[in-house]
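Structural description and commentary
Here is how the chains run, residue by residue.
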Amino acid sequence: MKSKEIPTAALVLGVNVTDHDLTFRSLSEVLQNNITPYIAFLEAKDCPGVKKLMQKLMGQLMNCSVDLDSSEDEDYVQVSHNRIRCSMTSLINWYESVTKKTDSETSSKKRTSSSRHWQSPPVVVVFKDMESFSTKVLQDFIVISSQHIRELPLVLIFGIATSPMIIHSLLPHSVSSLLCIELFQSLSCKDHLSTIIDKLLLRASFPFKLGEKVLQVLINIFLYHDFSVQNFVKGFQLCIVEHFCSQPVSVLCCQLVDAKKRADSLSHDQCENIRKLPSFQRYVESQVSENQIALLTEDTYLKEITQKLLEDLHVYHENYLSVLRCFHVFTSFLPKYPLGKQIRELHCACLENQVWETEEYESSLQLARMLNKSDLVTMLQQCVEIFVSSSGKEFDNTVEKLKEFLTQFQKLEAEAFQEQDVSVSSQKELQKKTDLYHLQKTLLELKESRRSKKLTKFEMLRFEVVDYIDSLVRNYLVPANHKTLHEIVYFNTASVLREHLNAAPRIALHTALNNPYRYLKNQELKSDEGSISNKAPDICIVYKLHLECGRLINLVDWLEAFSTVVMATEGPNADAASSDQVDDIIHARFIRAVSELELLGFIKPSKQKTDHVARLTWGGC
């Protein structure tokens, strides 16, 4: 690094801008704990010029608010009730005074090698959204800083959402040459999503689960809207809240030990709620008549069966997740990934229906039957590791079977070497034989062997391995909705989630303005469809009247119609003396309601006609 170069980190964070704040917060904590306490975060909206940038920078570094006095020169800011000039010189003087003070404090004590900060800690300036900064502001700041890099050890961090090439687009070579740039690439948002799904949804220790449609809604919003991991987590939290608020038996959605205790202390009403579950009703129908009567009438017997079914559900999840990971090992090796490349796609396919009945599953098996030996051995080894680390107790025989397959592949490899030696020797013998009869006989034997097309030992073993994996899938990857009491731990109401996350504000506004009773629940606001109640809020009256108008609305006619509706309860003998005052109040109410409609985007001023406004929405929403 040259003497005037500024150490710079180009941090490529991706297009999920809403997650950047969390990344910068974590970065700030790491830097403050290990390197330097002097960190400033700058955003383009706060730094339209170099002066503003310096004010923001010094304000954050000095840990105080920077307030401009409009009557004074803009070059001065208020810092701890003292006037200082916002310049690089002032920043250098502040840094020297702070570091000298720190050195004097540490010299009185024994400096240990485990000190948190460096002896001369750098000043880290983070540009959170580099693409949004003005080119001139960045150039001027970098040029000024490079001239004082010896007195003030600056380190720049550029937060980049698009591509590192933006640095060279914003900065000319004369300026970018003053930076010693190191590129850092964060993990993609898809990798973060896979981690969250793996740590939360694909863990038997976490009792709450998402149904296939709900999970698909969250993933689609993530992939096709914002790529925001934070929003995915918030959607997941919303699912938890909705599940525990809407499902009465969600009290049993907890760890297995706690669930058994809670099942033993269920009240009669809670037992009735369990009896109403569709999966439990199917379970009752499959029992003999005596057990059916006991399950529907005896709470004690119901509690015992509930504990047993909860344990079965827990075991199902442990086995399901282990086999799912094993099966994903196979599907991730296949070309074109018929069942998806990510484990979340395979998980959704297994939750939706019996995966072995789909065309994608059949094509996956066909492709698996054509895998080479090295891929098969690698996959079997990974599956053995998965089942060995699994908490399921039913996979001891599975591990032994898979290890047996690996042993057979090793034997085949040894036999292949021997057969190769034999074939080489036979070829040499064939070359030695010049007799036409023996040569013709040998060629006929080769032709017959090719016609018979007998499977080799490797092909037979490969078929056996694929068939065994198929049997595991059919036994353990049964959809969750086929299990009794799955409603306790699975949230399946995708429509509720769509209403909250895929909101339609225009329709909601129309509903609120056209039928205020829907939200306010005031009996006085009830009215027949098409009629206008004078008890409704002013904006609702104005909105309903504007629906009856064309493209241009005459404000005078609109005001008269509004006044007619509002004054509908006034008798014919109203006090004439106060009529002018009432008109002024009604006029003011009308102006406010029209202004609110304009703010919401239903109307706009029009220059085509005097005292007219243009209507912007049609179709009643």
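As shown above, the structure is provided for reference.
A brief report on the enclosed structure follows. (Residues numbered from 1 in each chain as written. Predicted model: local features only at pLDDT ≥ 70, side-chain atom pairs only at ≥ 80, totals over all residues. Heavy atoms only, no water.)

Time to look at the overall build of the protein chain. Regarding its fold elements, the protein chain presents 26 helices and 12 strands. For the protein chain, the computed accessible surface area is about 35,800 Å², with 52% contributed by carbon and sulfur atoms. (Helix = DSSP H or I, 4+ residues; strand = E, 2+ residues; numbered from the N terminus. Areas by Shrake-Rupley, 256 points an atom, 1.4 Å probe, with all protein chains shown as cover.)

Turning our attention to the environment of glutamine 216. Structurally, glutamine 216 is set in helix α8 (residues 212-226). Residue class for glutamine 216 comes out partly exposed when judged on its relative accessible area of 28%. In this structure the C-alpha to C-alpha distance between glutamine 216 and cysteine 348, which are 132 residues apart in sequence, comes to 7.4 Å. (Buried < 20%, exposed > 50% of the residue type's maximum accessible area, 1.4 Å probe, protein only.)

Glancing now at the pairing of strand β6 (residues 154-160). Buried residues dominate β6, accounting for six of its seven residues. The pairing of strand β1 (residues 6-12) with β6 spans five bridges and is classified as parallel. Within the sheet, the bridge partner assigned to alanine 10 lies in β6 and is phenylalanine 158. Examined bridge by bridge, strand β5 (residues 123-127) and β6 share five bridges and lie parallel to one another. Within the sheet, the bridge partner assigned to valine 126 lies in β6 and is isoleucine 157. Once you follow β5 into helix α4 (residues 135-147) and on to β6, the crossover reads as right-handed. (Pairing = 2+ DSSP bridges. Right-handed = clockwise from strand over helix to strand, strands pointing away.)

On to helix α2 (residues 50-61). Between the first and last C-alpha of α2 there are 16 Å, a value that for 12 residues agrees with the 16 Å anticipated at 1.5 Å per step. Every buried residue belonging to α2 is among Leu53, Met54, Gln55, Leu57, Met58, Gly59 and Leu61, and all of these are buried. Where α2 terminates, the next one or two residues include asparagine 63, which has phi positive at roughly 55°. (Expected span 1.5 Å × (residues − 1).)

Now for the environment of glutamine 381. Checked against the element boundaries, glutamine 381 lands in helix α17 (residues 373-389). On the accessibility criterion, glutamine 381 (42% relative accessible area) is partly exposed. Spatially, the C-alpha atoms of glutamine 381 and valine 399 are 9.9 Å apart, while their sequence positions differ by 18 residues.

Here we take up the sheet that holds strand β10 (residues 552-554). Pairing is antiparallel in the open sheet, where three strands are placed in the order β10-β12-β11. For this open sheet the edge positions go to β10 and β11 (603-605), each flanked by a neighbour on one side alone. Taking each pair of neighbouring strands and ignoring which way they run, the sheet shows an average axis angle of 35°. Bridge count for β10 against strand β12 (residues 612-615) is three bridges, and the pairing is antiparallel. Residue pairing for β12: asparagine 554 is matched across the bridge by histidine 612. Helix-sheet contacts for helix α25 (residues 555-566) involve β10, β11 and β12, and the interaxial angle to β10 is about 60°. (Axes fitted to C-alpha atoms, helices over the stretch in contact; angles between N-to-C directions. Contact = heavy atoms within 4.5 Å.)

What follows covers the packing of helix α16 (residues 359-368) against helix α20 (residues 457-476). Orientation of α16 relative to α20, taken along the N-to-C sense of each, is 150°, at an axis distance of 10 Å. Put simply, α16 runs roughly antiparallel to α20. The chirality of how α16 crosses α20 is right-handed. Touching Tyr361, Leu365 and Ala368 of α16 are Arg462, Val466, Asp470 and Val473, all from α20. Classifying every residue of the contact of α16 with α20 by side-chain character gives five nonpolar, no polar and two charged. (Parallel < 35°, antiparallel > 145°, perpendicular 65-115°, else oblique. Left-handed = near helix turned anticlockwise from the far one by under 90°. Nonpolar A, V, L, I, M, F, W, Y, C, P; charged D, E, K, R; others polar.)

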